[in-house]
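Single-letter residue listing:
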Amino acid sequence: MWLDHLERGGKSRRKPVFSFPGGAQMNGASALRTRVYIDGYNLYFGCLKGTRYKWLDPLNLFKQHIIPSSMPPGLTSVLLPLSIKYFTARIVESAAKAVDSVSCQARYHTALRKLYPGQIELIEGYYSVTKQHARIVGGGKWPRDCEEILVWKLEEKQSDVNLALQTYHDAVSGDVDQVIIVTNDTDIAPALNLIRAHTDVIIGLVIPTRPSMRKANTELADQAHWVRNQIAEYELANSQLPRVIPGRKPTLKPLSWYARPDLLEKVLDAAVPILGTSGKAFKWMEDDNPYLDGQAPVNLIDTDEGAAKVLAYIAKYVADRGETNN
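Computed from a prediction, not measured in an experiment: that's the story for all the values here.

Reading the values: rules and limits
Residues numbered from 1 in each chain as written. Predicted model: local features only at pLDDT ≥ 70, side-chain atom pairs only at ≥ 80, totals over all residues. Heavy atoms only, no water. Helix = DSSP H or I, 4+ residues; strand = E, 2+ residues; numbered from the N terminus. Expected span 1.5 Å × (residues − 1). Polar contact = N/O pair within 3.5 Å; in protein donor to acceptor, adjacent residues only side chain to side chain. Buried < 20%, exposed > 50% of the residue type's maximum accessible area, 1.4 Å probe, protein only. Pairing = 2+ DSSP bridges. Right-handed = clockwise from strand over helix to strand, strands pointing away. Patch = residues over 30% accessible without salt bridge, like charges linked within 9 Å, V, L, I, M, F, W, Y side chains within 5 Å. Areas by Shrake-Rupley, 256 points an atom, 1.4 Å probe, with all protein chains shown as cover. Salt bridge = Lys/Arg side-chain N within 4 Å of Asp/Glu carboxyl O. Lys, Arg positive; Asp, Glu negative; His and termini not counted. Charge placed at Lys NZ, Arg CZ, Asp CG, Glu CD. Contact = heavy atoms within 4.5 Å. Axes fitted to C-alpha atoms, helices over the stretch in contact; angles between N-to-C directions. Parallel < 35°, antiparallel > 145°, perpendicular 65-115°, else oblique. Left-handed = near helix turned anticlockwise from the far one by under 90°. Nonpolar A, V, L, I, M, F, W, Y, C, P; charged D, E, K, R; others polar.

Visitor: Explain helix H2 (residues 58-70) residue by residue, including any values.
Guide: For H2, with 13 residues, the first-to-last C-alpha span of 16 Å runs short of the 18 Å given by 1.5 Å per residue. With a side-chain oxygen lying 3.2 Å from the backbone nitrogen of Leu59, the N-terminal cap of H2 falls on Asp57.

Visitor: Any details on unusual backbone geometry? Residues and values, ideally.
Guide: Backbone geometry places Asp293, a non-glycine residue, at a positive phi of 60 degrees. When you line up the elements, Asp293 lands in the loop between helix H9 (278-286) and helix H10 (297-300).

Visitor: So what's going on with the pairing of strand E7 (residues 202-206)? Which residues, and what values?
Guide: Most of E7 is tucked away: five of the five residues are buried. Here E7 shows two buried faces, one formed by Ile202, Gly204 and Val206 and the other by Ile203 and Leu205. As paired elements, strand E6 (residues 178-182) and E7 share five bridges and run parallel to each other. Bridge assignment links Ile180 to a residue of E7, and that residue is Gly204. The β-α-β motif built from E6, the intervening helix H5 (residues 189-198) and the parallel element E7 has right-handed crossover chirality. Note: E7 against strand E8 (residues 226-228), three bridges, orientation parallel.

Visitor: Outline the pairing of E6, supporting the account with residue identities and numerical values.
Guide: The buried fraction of E6 is high, at five of five residues. Burial of E6 is two-sided: the residues Gln178, Ile180 and Val182 facing one way and the residues Val179 and Ile181 facing the other way are all buried.

Visitor: Give a detailed account of a positive patch on the surface, specifying residues and quantitative values.
Guide: Taken together, the side chains of Arg107, Lys114, Arg248 and Lys249 define a basic patch exposed on the protein surface. With respect to the element layout, Arg107 can be found in helix H3 (residues 101-115). Residue classification places Arg107 among the partly exposed residues on the basis of a relative accessible area of 32%.

Visitor: So what's going on with the environment of Thr34? Residues and values would help.
Guide: The topology assignment puts Thr34 in strand E2 (residues 29-39). Under the relative-accessibility criterion, Thr34 is labelled buried at 0%. Along the chain, Thr34 and Asp177 lie 143 residues apart, while their C-alpha atoms are 6.1 Å from each other. Discounting residues that sit within four places of it in the chain, Thr34 has contacts with Ile67, Ser77, Val78, Leu79, Leu80, Gln178 and Ile180.

Visitor: How would you explain the packing of helix H8 (residues 261-275) against H9 if you had to name every residue and give the values?
Guide: H9 packs onto H8 with a crossing angle of 110 degrees between their chain directions and a minimal axis gap of 8 Å. Considered as vectors, H8 and H9 are oriented roughly perpendicular to each other. When you trace H8 past H9, the crossing you get is right-handed. Counted together, Leu264, Val267, Leu268, Ala271, Val272 and Leu275 of H8 and Ser278, Lys280, Ala281, Phe282, Trp284 and Met285 of H9 form the full contact between these two elements. Here the contact of H8 with H9 is composed, by residue class, of ten nonpolar, one polar and one charged.

Structure, rendered in structure tokens:
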């Protein structure tokens, strides 16, 4: 959506921007020096929670999918060496919803740092867990007349402030020609307003949500030059990190982040005694198998039916080998 050219009861008060003297040259045209600013928790709860796509490669997602399909006509962009600033906070173990939430998040952050040093920067706030009095809703009463109880209050601190300050700093310092904000949180709106008022920097807004889940917040959209209202499932599927990130100590995708960890565990239990290690079992699962209609076993174990097919193949292999050995 190229908002400068929309009329809402009259012409837009925003001035279109036509020249970017700091832009990089690309094929004879000026390409906008671009950086992406991701609200990590907004992205997680809008697109990734409860899906098989948590092991997300954000650089690939934006470089190969979001940016090429979102740029307004006539504009091109080039990602800066520091392409993405990713704002997040470490999960507090006492408030985590799963026993492995802390370790899985830490593993993901390690994977991003290993794979993209100097390209993705993780900027951390923190979580606050405090006791607080709150009033119970009910009976059509005013809040002041409702019963008060003591509750735990869990808040993410500093991430919104960090995102706003970093984006504004980069814009006013002349480091960027375009900022792409990935959030649907209105706390960032004042910073976007200041960027529009004091710079010629293009603002792109990406609402981190899957199709038909939630709409762009108008307070944010009104400040943006263009808006991407959703992230498609195929874009998430095609933007996954490698299962193993190499290093002195390799970083592995958590088992609980697969679509069906329960089925994956069953297949591993059957395959590891044959192949020797879980690493070899995963390698087998990731290769296309002619005995499974040319499909990789790992792509079949998302469903009960697919996992049953893989387990039946393993059982037949074991049986056939036993007959051969006899």
